[in-house]
Amino acid sequence: MKPFTWALLALGVVVAAAQFIPDKPVAIHPAVESQPERVGATEGPSGTRGLGETPPTPPAARGGAGRAGRAGRGGRAGGPPPIPPPPADPEISAAGAAVEQTAQGPRAAIEPGASFDGLGEGFTGRAFPGADKADETTAGRGGAGRGGIDISLAVGPNHIFEILNGNLAVFSKKGKKYDSTGKLLYGPAPNNTVFAGFGVRCGVSNNADSVVRYDQLADRWLIVVPVFARPPDNPQGPYAMCYAVSATADPLGPYYRYEFQRPLFPDYPRPAVWPDGYYNPTSTSDNLLPDVITQKHDCIADRSKMLKGLPATEQCVVIDGGVFMLNADVDGKRRPPAGAPNIMMSTGGTQLLKIFGDDGIYFYKVHVDWNDPSKTKVSAPQKITVAPYHYLCDGQLSNCVSQPGTERRLDSQGDKLIQRLVYRNFGDHESILAEHSVATAGTGGHTGGGVRWYEFRLNPARDPVLYQQGTYAPDGFYRWLGSMAMDRKGGIGIGYSFGGVPNFPGQRFAARLANDPRGQLTFHESVLAEGRASQTGSLRWEDYTTTVVDPSDDCTFWFVGNYLKDGATSSTTRIGSFALPGCK
């Protein structure tokens, strides 16, 4: 055994047999309790009766608690990078090509239900309480009037909550409370507005990569905002993660706020709802580190205490040598069995070492113990064999998806599973959905990209087993950065970006019923947003989309993604809904 491995074992580190990096076994460190920061009233925003009556918080100065720490992850600062040549088309194995769906589904396309523009270029908000006391920059409209890559969407019984980069907005949803969908109720406002009066980290930071989730099990809202800079008075101090949990079912009401110190850079948070905690995986490094190569963090916040506004803790596990991970996120009202571990998954391969493919999806089991952190465990990764795949565009931050009239191509984030990792309990079986963007063999002599999707089912040992898989690639164009969900009948809906010359980038969706042939999206794809212009200022495109199921009927899918309007230089988000026949 190598000296490095012996040293890890001496520290109580689990060394996994499965490996993503040659000669570097995955190392899972013991859980560590995060240091909480109590820097203001737990319930807030301070001095108001809720978020909806809170004047926007002034944004942080750049270089302070803003985005400076992430500039290296894709050229967000200093203008667009030079345009490199596109990656070469990879050779797709026969086994990988065999799961490609190369024709549209035979069922008629589903017409979108509601459909309206969200945040992004051209967005103009109405006045809300306190907005008249703030200039355009403070009110957030400067940022909300531009496109962005970090999109998050959550839907509750009466509200639609969107986050784009550093801004949030809340819209009406037609139902018992409102007579129409898409009416702006609040915003745009900086993400840190919910933390107003809550210290100099959460209360000041207004970072992208913020995420909103609707916790259907509790009828509450969760907002997560990472802090990418060290404390203003301590250049070697910790980063932080900020959590806000609504005190009521109203997303415009008060929130319970929490700040936890993070010693490692908390990039790309993807919170997930599980009965015993809010699971929140992050990337701590996209750089080649000595003896580690890659490093990931899986943290769990004490959901039961946060829902009550009580002092809460967060436990974090460092995983060396793994690749980007997602934790299972509950959909529907049926909980997993009591005490069931959360399932965490990743792709294989390692982009940093130019390992661009694999034939497995890997899972970990995560168990948290709130009484004794030493009993919190993350299992070694285990492989689920799937059809071989090659990352679309060789992974993230590559010049890949073609656009009309420009050499600028768009990024695909092809190296990772894209949010969410959906869990649903049907009583007689439990399903987990995952998807990522892969290179395809193409049709008609044209290669492109497709959405590789999976349904796994848990066996009696609670191990996920492959039930079905497919790569949606009905032509030689690009379908990428998808997200998927499952309705209460087992139907699956997938939204994704669509593009490739001569098509401008836009948003489409496809679907299947529960008993349709496995691996097939049987409904012809539908158009949510037809692109009308190319994005020329940056290769970054979305980073991720979001698809969720409406809790009011547990049938309607809601999806958000980017597109450019005629003459636009920056993107707009489009929010839309669709439902499968026979569900309602």
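The preceding data block contains the structure.
This section reports on the structure supplied with the text. (Residues numbered from 1 in each chain as written. Predicted model: local features only at pLDDT ≥ 70, side-chain atom pairs only at ≥ 80, totals over all residues. Heavy atoms only, no water.)

## Description of the overall build of the chain
Part 1 of the reasoning: Regarding its fold elements, the chain presents four helices and 37 strands.
Part 2 of the reasoning: For the chain, buried positions account for 62% of its 584 residues.
Part 3 of the reasoning: Partitioning the contacts of the chain with sequence separation of at least 6, the portion at a separation of at least 24 is 64%.
Part 4 of the reasoning: Element-wise, carbon and sulfur atoms account for 53% of the exposed surface of the chain, whose accessible area totals about 20,400 Å². (Helix = DSSP H or I, 4+ residues; strand = E, 2+ residues; numbered from the N terminus. Buried < 20%, exposed > 50% of the residue type's maximum accessible area, 1.4 Å probe, protein only. Contact = heavy atoms within 4.5 Å. Areas by Shrake-Rupley, 256 points an atom, 1.4 Å probe, with all protein chains shown as cover.)

## A look at the side chain of S526
Part 1 of the reasoning: Within the secondary structure, S526 sits in strand β34 (residues 523-529).
Part 2 of the reasoning: A polar contact is formed between the side chain of S526 and the backbone oxygen of I110, at a distance of 2.6 Å. (Polar contact = N/O pair within 3.5 Å; in protein donor to acceptor, adjacent residues only side chain to side chain.)

## Examining the state of the cysteines
Part 1 of the reasoning: All chains considered together, the criterion is met by four disulfides.
Part 2 of the reasoning: Here C202 is linked by a disulfide to C242, with a sulfur-sulfur distance of 2.1 Å. Taking the torsion about the sulfur-sulfur bond, which here is approximately -95 degrees, the covalent link between C202 and C242 counts as left-handed. With a gap of 40 residues between them, C202 in the loop between β11 (184-190) and β12 (211-215) and C242 in strand β14 (residues 239-246) connect regions that are remote in the sequence. Both residues of the pair, C202 and C242, count as buried.
Part 3 of the reasoning: The residue that forms a disulfide with C393 is C400, at a sulfur-sulfur distance of 1.8 Å. Here the disulfide of C393 and C400 is left-handed, its torsion about the S-S bond being about -70 degrees.
Part 4 of the reasoning: For C393, a relative accessible area of 6% gives the class buried.
Part 5 of the reasoning: You can call C400 buried: its relative accessible area is 6%.
Part 6 of the reasoning: What connects to what in the chain, once the bonded cysteines are numbered by sequence position, is 1-2, 3-4, 5-6, 7-8. (Disulfide = S-S within 2.5 Å.)

## Some words on the sheet that holds strand β35 (residues 546-549)
Part 1 of the reasoning: The antiparallel open sheet is built from four strands, whose spatial order is β7-β37-β36-β35. Whereas interior strands pair on both sides, the edge strands pair on one side only; in this sheet they are β7 (115-120) and β35. In this sheet, neighbouring strand axes are inclined to one another by 25 degrees on average, regardless of whether the strands run parallel or antiparallel. (Pairing = 2+ DSSP bridges. Axes fitted to C-alpha atoms, helices over the stretch in contact; angles between N-to-C directions.)

## Quick notes on the environment of G506
Part 1 of the reasoning: Mapped onto the elements of the fold, G506 is located in strand β33 (residues 503-512).
Part 2 of the reasoning: Here G506 falls in the buried class, since its relative accessible area comes to 3%.
Part 3 of the reasoning: On a C-alpha basis, the gap between G506 and R532 in space is 8.1 Å, while along the polypeptide they are 26 residues apart.
Part 4 of the reasoning: Excluding residues within four positions of it along the chain, G506 makes contact with Y496, S497, F498, A529, G531, N562 and Y563.

## Quick notes on the side chain of N327
Part 1 of the reasoning: Within the element layout of this structure, N327 appears in strand β20 (residues 325-330).
Part 2 of the reasoning: Under the relative-accessibility criterion, N327 is labelled buried at 2%.
Part 3 of the reasoning: Of the polar contacts made by the side chain of N327, one reaches the side chain of N342; its length is 2.9 Å.
Part 4 of the reasoning: Contacts of N327, omitting those with residues within four sequence positions, involve A272, Y279, N280, P281, D298, N342, I343, M344, V366 and L421.

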